[in-house]
Amino acid sequence: MTRLLVHHARHGFEPNVSVERLASLLSDPEILLWLDLERPTQEEIALLHQVFRFHPLAVEDVIHAFQRPKIEKYENYFFIVLYAVSPHDASEELNPKELALFVGPNYLVTVHPDAIPVIGEVTALWQASDQTSAHNVTWLLYLLLDAIVDDYFPVVDSLADRTDALEDRIFAEEETAALQGIFELKRVLLALRRVVAPERDVVNVLIRREHPFIDVRYLAYLQDVYDHLSRLTESIDVFRDILASALDAHLSVVSNRLNQVMKTLTALSAMLMTSGLVAAIYGMNFRRMPELEWTYGYPFALLLMLGIVVALGLFFHRKGWL
């Protein structure tokens, strides 16, 4: 699917622009265009070579997805790779969607293999901008970056709630369920950090590296996006530390439970062994044992074993073993 939006410096947005006019539009300094390619075909990929003349390595990165978030500077444009997430992704499985951007003096080209809802939202925001801002590629880039980053916050908040819930459950649930929840959440946080942390570096390059088509009037907006990404990265690191502490706490609880079980088993073994000692003595087949012919020998042996068991039971109970 191809979407082409064109803004003229004097006349505003031009509706229903054909892709066949791309070459002439790019040569007009009063035109700012946004070409969005969703699930691009071979013919649409050819536009990147023939019309925009992007570097073959950058186009190759577009074709072969799953690139790391990055920014590469070419002669007169930036090539950027970002990832967008849905605010509902953290409920089950994180599913970042790759978005490649080519940012030039009077154009923005976005390429993505999957549908990204935030593209439509940014389109509406750009069309609602005032005339001066709408005709500025830095402003358009900011709107896109800001919308992508804003979608990270509900995901991180959801992960925070899951972390708190897991901490509450860790002392009550079975070992397998708690341990599985910890590792699943750590995996999601790691996947999110692999996206957010490099994107912070991308925005940092846009802020600190001077380039003719990056408008200094909007650097404060880009700085705001950088601050949001820094806060997200710090939050993710905090949650990972919390989960590491929760894992240590879980292992400590399991170890304490095991120790308690071992103490109980040891106490029961001692009680049975001492009563078994009395039974073993009176079970020996010696002829000269005075107790064997004693009328009260059998009740005496039973009472002796019972007394030993009760005495040891009280002793171990005071020690907290039973």
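Reading guide: rules and limits
Residues numbered from 1 in each chain as written. Predicted model: local features only at pLDDT ≥ 70, side-chain atom pairs only at ≥ 80, totals over all residues. Heavy atoms only, no water. Helix = DSSP H or I, 4+ residues; strand = E, 2+ residues; numbered from the N terminus. Buried < 20%, exposed > 50% of the residue type's maximum accessible area, 1.4 Å probe, protein only. Phe/Tyr/Trp six-rings, centres within 6.5 Å; stacked < 30°, edge-to-face > 60°. Patch = residues over 30% accessible without salt bridge, like charges linked within 9 Å, V, L, I, M, F, W, Y side chains within 5 Å. Areas by Shrake-Rupley, 256 points an atom, 1.4 Å probe, with all protein chains shown as cover. Salt bridge = Lys/Arg side-chain N within 4 Å of Asp/Glu carboxyl O. Pairing = 2+ DSSP bridges. Contact = heavy atoms within 4.5 Å. Polar contact = N/O pair within 3.5 Å; in protein donor to acceptor, adjacent residues only side chain to side chain. Axes fitted to C-alpha atoms, helices over the stretch in contact; angles between N-to-C directions.

A. Inspection of unusual backbone geometry at higher detail. We note that Asn16 has phi near 55°; this positive angle belongs to a residue other than glycine. With respect to the helices and strands, the residue Asn16 is situated in the loop between β2 (12–14) and α1 (22–26). Asn16 gets classed as exposed once you look at its relative accessible area, which sits at 82%. Positive phi is not limited to glycine here, since Arg53 has a value of about 60°. Position of Arg53 among the secondary structure elements: in the loop between α2 (42–50) and α3 (56–63). The class of Arg53 is exposed, set by a relative accessible area of 65%.

B. Quick look at the packing of aromatic side chains. Scanning all chains against the criterion turns up 16 aromatic pairs. A centroid spacing of 5.1 Å and a plane angle of 20° characterise the contact between Tyr74 and Tyr77, whose relative ring orientation is stacked. Overall, Tyr74 belongs to the buried group, its relative accessible area being 15%. Look at Tyr77 and you get buried, because its relative accessible area is 5%. Geometrically, the ring pair formed by Phe78 and Phe213 is edge-to-face, given 5.7 Å between the ring centres and 70° between the ring planes. You can see Phe78 sitting in strand β5 (residues 78–84) and its partner Phe213 sitting in the loop between α8 (175–208) and α9 (219–282), a full 135 residues away along the chain. Look at Phe78 and you get buried, because its relative accessible area is 1%. By the ring-pair criterion, three or more aromatic residues cluster together here, those being Phe52, Phe54, Tyr74, Tyr77, Phe79, Phe102 and Tyr107.

C. Structural view of a nonpolar patch on the surface. A cluster of nonpolar side chains, namely Leu258, Val261, Met262, Leu265, Leu268 and Leu322, defines an oily patch on the protein surface of about 520 Å² accessible area. Considering the arrangement of structural elements, one finds Met262 in helix α9.

D. Molecular detail of the pairing of β5. The buried fraction of β5 amounts to seven of the seven residues, a majority that puts the element mostly inside the structure. Where burial is concerned, the two faces of β5 agree: the one with Phe78, Ile80, Leu82 and Ala84 and the one with Phe79, Val81 and Tyr83 are both buried. Hairpin connection, strand β4 (residues 70–73) to β5: the antiparallel pair is bridged by four residues. Examined bridge by bridge, β5 and strand β6 (residues 97–103) share seven bridges and lie antiparallel to one another. Residue pairing across strands places Ala84 opposite Lys97, the latter belonging to β6.

E. Local environment of the environment of Asn106. If you trace the backbone, Asn106 turns up in the loop between β6 and β7 (107–112). Its relative accessible area of 13% is what places Asn106 among the buried residues. Along the primary structure Asn106 and Tyr77 are separated by 29 residues, whereas in three dimensions their C-alpha atoms are 9.9 Å apart. With near-sequence residues (within four places) excluded, Asn106 lies in contact with Leu25, Leu26, Asp28, Ile31, Leu32 and Leu33. Among the polar contacts made by the side chain of Asn106, one reaches the main-chain carbonyl oxygen of Ile31 at a distance of 3.4 Å.

F. Focus on the pattern of salt bridges. Scanning the entire structure with this criterion turns up seven salt bridges. Between Glu14 and Arg21 there is a salt bridge, with its nearest N and O atoms 2.9 Å apart. By relative accessible area, Glu14 is classed as partly exposed at 29%. The class for Arg21 is partly exposed, based on a relative accessible area of 36%.

G. Looking closely at the side chain of Ser129. Note that Ser129 resides in the loop between α4 (117–127) and α5 (131–134). The class for Ser129 is buried, based on a relative accessible area of 17%. Side-chain polar atoms of Ser129 contact the backbone oxygen of Leu125, separated by 3.0 Å.

H. Representation of the sheet that holds strand β3 (residues 31–38). Reading across from one edge, β2-β1-β3-β7-β6-β5-β4 is the order of the seven strands in this open sheet, with mixed pairing throughout. The sheet is open, and its two edges are formed by β2 and β4, each paired on a single side. Taking the axes of each pair of neighbouring strands and ignoring which way they run, one obtains an average angle of 20° across the sheet. Note that strand β1 (residues 2–8) and β3 share seven bridges and pair antiparallel. Note that in β3 the partner of Leu5 across the bridge is Trp34. Here helix α6 (residues 137–150) sits on the sheet in contact with β3, β5, β6 and β7, set at roughly 170° to β6.

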